[in-house]
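Residue-level structural notes
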Amino acid sequence: MKAALLTAPDALVLTELPVPALESGDVLIRVRAATICGTDIRIFRGRKTAGIRYPSVLGHEFAGEVVDAGGNPHLGAGDRVALCPAISCGRCHLCKTGRENLCKDGQAVGYEIDGAFAEFIRIPARAVAAGNIRKLPETTGFDEAALAEPLACVLNGQEKVGVTAGDVVLVLGAGPIGLLHVYLARLRGAAKIIVSDPNAHRRDAAMTGGADVTIDPRAEDVAARVAEETAGMGATVVICAIGVPALARQASDLVAHGGRISLFAGFSKGEMAEMDVNAIHYNEITVTGAFGLSRRDYDRAFDMIAGRGMDVRGLITHRYGLDSIVEAFKTAESGGAIKVAIIND
């Protein structure tokens, strides 16, 4: 099969590999669509190394068709499916208390397990038995189904930071994740959504997706504009949707007294950020992290997309074949795209 093999940082090579061999209970899926995540780019550039192997196949946002159901009676060849890529142990304290995304014995497709930037992918029996595979309705495209994974991560983040009806939500960064935060905050009844991003194309996408106000941080004083838009109070929720350490410090200046900050985006290894600890203390600011997704998050996101509770199709702005994987990564990294999909027809 064709596969994009990461052999070292900055070294992504289209090559041929054997179709994955199956063990008892494993499922083989023909990948029909896989989308490029910001984390994939960080791994490609060597800015994220935890859990990464060389050589390996990246790609954790995907959907496809079952080729070999591995004897699993609820699946059959030709089934259209998508998958939660996080595989927890199911036994530890974290898993048993609803924090399976933090499982220390967990594995993930596209990290410890070869991922979806290939023609075929093996899904371990452990994930199949846990219910990680979901069948797609005929009305749901493979490319939009691939976005259930990032939407699930956003659901986790907004649950952790408590976005609710009436909130004034400030999203710092309008990449694909930032835009999903806009979409979801709108559905959750936010009173006002403000987005800051230097990219004009992405600011326009934020307005289309439900933002009320956008800010160009290169041309405006973000703090002054947020104060203007909130009658001097600040945003009740600030979401850092891009991994820039300086934004963590800025967030404590932009959030209202009693407000909440989500450090949602991942930061590169070794990066540190300053925050105004006095503001956190005296203004009673809550700061939360958010990492990954649980199967519960994935199921909710999948149902939202499959049931058209959220239309994510407009996020996919560029499509490439697997043969053009390097060009696809360059486009995703350039800022000229929203979401880039690899399509295997």
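Residues numbered from 1 in each chain as written. Predicted model: local features only at pLDDT ≥ 70, side-chain atom pairs only at ≥ 80, totals over all residues. Heavy atoms only, no water.

**Things to note about the sheet that holds strand β14 (residues 255-263)**
The test is simple: The criterion for strand pairing is that DSSP finds at least two bridges linking the strands in question. Put simply, DSSP marks the helices as runs of H or I at least four residues long and the strands as runs of E at least two long, and each gets a number from the N terminus on. For helices, the fitted axis covers only the stretch in contact; all axes are lines through C-alpha atoms, and the angles between them, taken along N-to-C directions, range from 0 to 180 degrees. Throughout, a contact is declared for two residues whenever any of their heavy atoms are within 4.5 Å.
On the basis of which strands lie adjacent, the open sheet formed by six strands has the order β12-β11-β10-β13-β14-β15 and parallel pairing. The sheet is open, and its two edges are formed by β12 (213-215) and β15 (286-289), each paired on a single side. Taken pair by pair, the neighbouring strands of this sheet meet at an average axis angle of 15 degrees, ignoring direction. Strand direction decides the pairing type here: strand β10 (residues 168-172) and strand β13 (residues 235-240), joined by four bridges, are parallel. Opposite Leu170, over in β13, you have Val238 as the bridge partner. Helix α7 (residues 200-208) contacts β11 (192-196) and β12 of the sheet and is inclined by roughly 165 degrees relative to β12. Helix-sheet contacts for helix α9 (residues 245-254) involve β10, β13 and β14, and the interaxial angle to β14 is about 155 degrees.

**What to know about the pattern of salt bridges**
When charged atoms on two side chains of opposite charge get close, those side chains can pair. Stated precisely, the cut-off is as follows: Only one rule defines a salt bridge in this text: a Lys or Arg side-chain nitrogen within 4 Å of an Asp or Glu carboxyl oxygen. A 1.4 Å probe rolled over the protein chains alone gives each residue an accessible area, and that area as a share of the maximum for its type sets the label: buried under 20%, exposed over 50%, partly exposed in between.
On inspection of all chains with the given rule, the structure shows 26 salt bridges. Residues Glu159 and Arg188 are paired through a salt bridge, measuring 3.4 Å at the closest nitrogen-oxygen approach. One end of the pair, Glu159, is in helix α5 (residues 148-161); the other, Arg188, is in the loop between α6 (176-187) and β11, and 29 residues separate them in sequence. Judged by relative accessible area, Glu159 falls into the partly exposed class, the value being 36%. We classify Arg188 as partly exposed; its relative accessible area is 22%. Among the charged side chains, a network of salt bridges with common partners joins Lys192, Glu220, Arg225 and Glu229.

**Some thoughts on the environment of Arg188**
Going by this rule: Polar contacts, as counted here, are pairs of nitrogen or oxygen atoms within 3.5 Å of one another; within protein the pair requires one atom able to donate a hydrogen and one able to accept it, and residues that are adjacent in sequence qualify only if both atoms are side-chain atoms.
It is 20 Å that separates the C-alpha atoms of Arg188 and Gly175, two residues lying 13 residues apart in sequence. When sequence neighbours within four positions are dropped, the list of residues in contact with Arg188 reads Leu155, Gln158, Glu159, Val163, Thr164, Ala165 and Arg300. Reaching out from Arg188, the side chain makes a polar contact with the side chain of Glu159 at a distance of 3.4 Å.

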